[in-house]
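Overview (structure and organization)
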Amino acid sequence: MIRFLTAGESHGKALVTIVEGFPSNLPIHSDYINQQLKRRQSGYGRGSRMKIESDTVQVLSGIRLGKTLGSPISFLIENKDWVNWQEVMSIEDSSEKFKKITIPRPGHADLVGLSKYNYDDIRNSIERSSARETAARVAAGSVAKKFLEYFGIYVGSFVESIGGIYSTTDYYYKLLQNKISQSKSAIEVSVKADKSVVRVLDDLQENKIIKKIKSIKKTGDTLGGTFVTVATGVPVGLGSFMQFDRKLDADIAFNFLSINAVKGVEIGNGFENAEQHGSQVHDEIILKNKNLFRKTNFSGGIEGGISTGLPILVRAAMKPISTLARPLFTIDLSTMKKVKSRYERSDFTAVPACSVISESVLSWAIAKHFLLKFGGDSIEETSDNFNSFIRKLPERIKKGFKS
Ligand SMILES: Cc1cc2nc3c(=O)[nH]c(=O)nc-3n(C[C@H](O)[C@H](O)[C@H](O)COP(=O)(O)O)c2cc1C
C-alpha cells in the first residue's frame, strides 16, 4: 500500500513530502518531478507569488543512482518567499512584532480553522490551508505518474472552461464516445494544453478566456472553472466492488475533492447521463479483432468500482478564488463589527494549475490500486505479475463459456 504525508506552511521555510510503498528499481530523475512542479506554477491569472517561487525538489532519501530503493522517498521544496516572512513565521514567539489577523475571508479556511483550532490569529488558518501544499502533493504524485508510465499508463489533463467560457469543439465528448485512441493520448492532450497559457485546447476559447481574466482583474474579482483529467492505458481490473472503500471511482472522487477549491467531480458523463435514458448511456459490449471492446466510454472507464480497460475520464469543478480585491463583507473578530474582508496577494484564477495538480492526484489513485492488485517489492516483480495477468486475461474470460 502506497502512502504519503506532506508538511509545511505556505510561508514557512520549506515543504516536505514523504512517499512510501513504491517498489525498488523504478527509474526516476528529479528533473521529471521538477518539470511537473514547473507545470503546476504556470497559468495566466496567477498572483505575484508564482514569480517569486521556482519550485524544485531536493531528494533527501529513497532514490539512488537514478532508481528508487523501495525505502521511503523524501523531498524538500524550499519556499523562496520565506525570507520575507521570517518574523511572522518565526518558530520562537515574536508576536509582539506584528499585528494578528482578525478579519476572516468568506470562502476561505480562515474562520473554520480559527473556530476549530482555537487560534487567536487567522494567519495560522491561512498557512496550512493554502494551496501551496499542493506543490508537495505534486512531488508525491510525480512518483506515481512515473510509476504508471513504466506500465504504459499515461495521465494528462486540460482546462475545459474558465468563467463559463467553453470551447465550441467538445473534445471531452469525443473521449466519451470512445473516438480517441488509447495509447499515449492522455500525454498528447497535456502537451497540447501546456502550449496554452490557460491550458485549453482551442485558440479562440483561449483568447476569450484571457480577455475575461483581464477584465475581472480590473474589477478585483476572481474566476473558477472546470477541467478534465484523463488516464489512458489503464488495464481492466483495478479497484473492487468487494468493499465500499476499495472502489476505484470512490477513491478518485476522494482524491479530487482533496484538492483545494475543487467542489465537484464526475466520472465519465456522470451528471449528463442522469438526464438520459439507460439505452443512451451504457457502453455496449462488442467484439473487435476477437477481443471484447466497448462502443462508447460514457462510464469514464469504470464499472462496479473496477477499471474497464478504457480511458479513465474525470471532470472536476473548481470554485472561484475566495480572496477578492473587491472584498465581500465579513465581521472583524476584534470588534465584532461588519467590515470589508481582507485582501492579501492572491491568484485571480488557478484552474490551469489545478488541472496539473489533478494529474498527480489521479496518478496517485490509479497507482495505489495498481499496486494493490499487482504488488511487488521490485519493479521487476510488479512487471511479472502485471504481464502474467494481461497475457492470461483473454484465455480466462473465454474459459468456461465455450458451448
Ligand atoms: C492551485 C491553486 C491555487 C490557489 N490559489 C489561491 C489564492 O491565491 N487565493 C485564494 O484565496 N485561494 C486560492 N486557492 C484556493 C484555496 O486554497 C481554497 O479555496 C481554500 O484553501 C479553502 O478551501 P476550499 O475552497 O477547498 O474549501 C487556490 C487553489 C488551488 C488549487
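Structure shown above.
The structure contained in this document is the topic of the report that follows.

Conventions adopted
- Residues numbered from 1 in each chain as written.
- Predicted model: local features only at pLDDT ≥ 70, side-chain atom pairs only at ≥ 80, totals over all residues.
- Heavy atoms only, no water.
- Helix = DSSP H or I, 4+ residues; strand = E, 2+ residues; numbered from the N terminus.
- Buried < 20%, exposed > 50% of the residue type's maximum accessible area, 1.4 Å probe, protein only.
- Contact = heavy atoms within 4.5 Å.
- Arc of directions from axis to C-beta.
- Pairing = 2+ DSSP bridges.
- Near = heavy atom within 4 Å.
- Polar contact = N/O pair within 3.5 Å; in protein donor to acceptor, adjacent residues only side chain to side chain.
- Areas by Shrake-Rupley, 256 points an atom, 1.4 Å probe, with all protein chains shown as cover.
- Core = buried A, V, L, I, M, F, W, Y, C linked by side-chain atoms within 4.5 Å.
- Expected span 1.5 Å × (residues − 1).
- Patch = residues over 30% accessible without salt bridge, like charges linked within 9 Å, V, L, I, M, F, W, Y side chains within 5 Å.
- Salt bridge = Lys/Arg side-chain N within 4 Å of Asp/Glu carboxyl O.
- Lys, Arg positive; Asp, Glu negative; His and termini not counted.
- Charge placed at Lys NZ, Arg CZ, Asp CG, Glu CD.
- Axes fitted to C-alpha atoms, helices over the stretch in contact; angles between N-to-C directions.

Tallying secondary structure elements over the protein gives 13 helices and 17 strands in all. In terms of overall dimensions, the protein has C-alpha extents of about 80 × 50 × 40 Å along its principal axes. Here the protein, with 403 residues, has 50% of them falling under the buried criterion. For the protein, the proportion of contacts with a sequence separation of at least 24, taken over those separated by at least 6, is 74%.

Among the residues making up helix α3 (residues 110-117), those that are buried are D110, G113 and L114. The buried residues of α3 occupy an angular sector of 95° when the element is viewed end-on, so they sit on one face. Turned more than 90 degrees away from the buried face of α3 sit V112, S115 and K116, all of them exposed. In the core, the buried residues of α3 are packed alongside α4 (123-129). Looking one or two places after α3, you find N118, whose phi comes out positive at around 60°.

Before going further, it helps to spend a moment on the environment of N118. Here N118 shows up in the loop between α3 and α4. Separated by 101 residues in sequence, N118 and T17 place their C-alpha atoms 27 Å apart.

This brings us to the pairing of strand β11 (residues 285-288). Each regular strand shows side chains that alternate between the opposite faces of the sheet. Here β11 runs beside strand β12 (residues 291-294); their pairing, made up of four bridges, is antiparallel. Each bridged residue has a counterpart across the sheet, and for I285 the counterpart in β12 is R294. Count of turn residues in the β11/β12 antiparallel hairpin: two residues, of which N289 carries a positive phi of about 50°.

Around the ligand lies a shell of 19 residues, among which A261, K319, T323, S346 and D347 are the nearest. Contact distances for the ligand include 3.2 Å between an oxygen atom and a side-chain N or O atom of N260. A261 has a polar backbone atom sitting 2.9 Å from an oxygen atom of the ligand. Relative to its unbound accessible area of 630 Å², the ligand is 86% covered by the protein chains. Counting residues per element, the shell around the ligand draws most heavily on helix α12 (residues 351-374), which supplies three residues.

Of all the eight residues making up strand β9 (residues 225-232), eight are buried; the element is thus mostly covered by neighbouring parts of the structure. Burial of β9 is two-sided: the residues G225, F227, T229 and A231 facing one way and the residues T226, V228, V230 and T232 facing the other way are all buried. In this structure, strand β7 (residues 154-162) lies alongside β9, joined through eight bridges in antiparallel fashion. Following the sheet pairing, V155 is matched in β9 by A231. As paired strands, β9 and strand β15 (residues 312-318) are joined by seven bridges and run antiparallel to one another. If you follow A231 over to β15, its bridge partner there is I312.

Quick look at the nonpolar core now. In this structure, F22, F147, I252, F256, I312 and L362 are the most contacted members of the largest nonpolar core, which totals 69 residues. Per-element accounting of this core gives the leading share, twelve residues, to α12. Of all hydrophobic cores here, the second largest spans 13 residues; its members include Y154, L176, L201 and V228.

Taking 1.5 Å of rise per residue, 24 residues should cover 34 Å, and α12 covers 34 Å from first to last C-alpha, within 8% of that figure. Within α12, 22 of the 24 residues are buried, which leaves it mostly tucked inside the rest of the structure. Looking at the residues trailing α12, positive phi occurs at G375, about 55°.

Here R315 lies in strand β15. Residue classification places R315 among the buried positions, given a relative accessible area of 17%. There is a polar contact of 2.7 Å between the side chain of R315 and the side chain of E160. Looking at R315, its side chain comes within polar contact range of the side chain of E266, at 2.4 Å.

Our focus in this paragraph is a negative patch on the surface. A contiguous patch of negative charge on the surface is contributed by E87, E92, D93 and E96. Classification of E96 as exposed rests on a relative accessible area of 62%.

Bringing the sheet that holds strand β6 (residues 73-78) into the picture now. Taken together, the four strands give an open sheet; going across it, the order is β1-β2-β6-β3, and neighbouring strands pair in antiparallel fashion. Across the chains shown, the open sheet's two edge strands, defined by having one partner strand only, are β1 (3-7) and β3 (57-61). Each adjacent strand pair in this sheet contributes to an overall mean axis angle of 20°, direction not counted. Pairing between strand β2 (residues 14-20) and β6: six bridges, direction antiparallel. Considered in β6, the bridge of V19 is made with I73. Those strands touched by helix α1 (residues 30-40) are β3 and β6, and its axis lies near 135° from that of β3.

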